Every structure is written in structure tokens, then in C-alpha cells.
Amino acid sequence: MARRRAPSAWPPPPRPPDCCALCEREVPQLTEHHLLPRSQGRRQGLKAAELPTTLLCPACHKFLHRTLTNAELARDYRDLPALRAQEDVARFVAWIRRQPPTKAVRVK
């Protein structure tokens, strides 16, 4: 009697897309955003590994850093609800939610 091969685990099953913490879109790639910027955290004596982070889609991440300075992020926008409440960010998030996750977005 012939042996049967065990079912192959290759290729691995595709991962479900991850969700951006700001715009809540399911995107194929996320980037790590430090809620307290590393430059500001070092001034407070914290190590980079101790700083709070969240995962954002590249479009949201680029928009935050083009719109707000590190000093503003550290002083006023240390958490997601504060970021969402900022007027420019709220307007961008409302717009980006209507865009397909695969669309390349140019942030000015």
C-alpha cells in the first residue's frame, strides 16, 4: 500500500489585510508611527523601545508628518483620539476612507 503525502503547508495562506489605526482601512502594508516622536522622547530621557506606537497606513503616516511638527505631535497629539479631533487630520481621514486601499496617494 502506498503512503500518502502529508498536505503541504507551502505556500502559506495569505494573511488578512491589517487595519490602519487612524483611517481604519484594510491595507496591505502598515508603518509604525511613534505617538510621542523619538526625538521628543529622547529629550524626556525615554528609550525608543519605551515609546508608544501605533500602526498606520503609509498615506496617513505621511500626512501626519507633513502636517504637524514633532513638537506639536509631542505636545498636543499623543493619542489617536486627539489626532482624529485635529481639523486637518479629520478632513484627510474622511477623504482617505473613500479611497481604495491600493490607490497610491500623493500627500502634499
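This report concerns the structure included in the present document. (Residues numbered from 1 in each chain as written. Predicted model: local features only at pLDDT ≥ 70, side-chain atom pairs only at ≥ 80, totals over all residues. Heavy atoms only, no water.)

### A look at the nonpolar core
- Judged by nonpolar contacts, the single largest core of 24 residues is most densely connected at C20, L22, C57, C60 and L83.
- Every element with two or more residues in this core is listed here: helix 2 (58-67), helix 4 (80-85) and helix 5 (87-96).
- Setting aside residues up to four positions removed in sequence, C57 forms contacts with C20, C23, R25, V27, Q29, L30 and T31. (Core = buried A, V, L, I, M, F, W, Y, C linked by side-chain atoms within 4.5 Å. Buried < 20%, exposed > 50% of the residue type's maximum accessible area, 1.4 Å probe, protein only. Helix = DSSP H or I, 4+ residues; strand = E, 2+ residues; numbered from the N terminus. Contact = heavy atoms within 4.5 Å.)

### So, the environment of G41
- Along the polypeptide, G41 turns up in helix 1 (residues 38-43).
- Owing to a relative accessible area of 0%, G41 belongs among the buried residues under this scheme.
- Placed 14 residues apart in sequence, G41 and L55 show a C-alpha to C-alpha distance of 18 Å.

### Digging into the packing of helix 2 against helix 5
- Two numbers describe how helix 2 lies on helix 5: the axes approach to 11 Å, and their chain directions differ by 155 degrees. The orientation of helix 2 with respect to helix 5, classified from their angle, is roughly antiparallel. Helix 5 is crossed by helix 2, and the crossing has right-handed handedness. Residues A59, C60, F63, L64 and T67 of helix 2 form the contact with helix 5, whose participating residues are D88, V89, F92 and I96. (Axes fitted to C-alpha atoms, helices over the stretch in contact; angles between N-to-C directions. Parallel < 35°, antiparallel > 145°, perpendicular 65-115°, else oblique. Left-handed = near helix turned anticlockwise from the far one by under 90°.)

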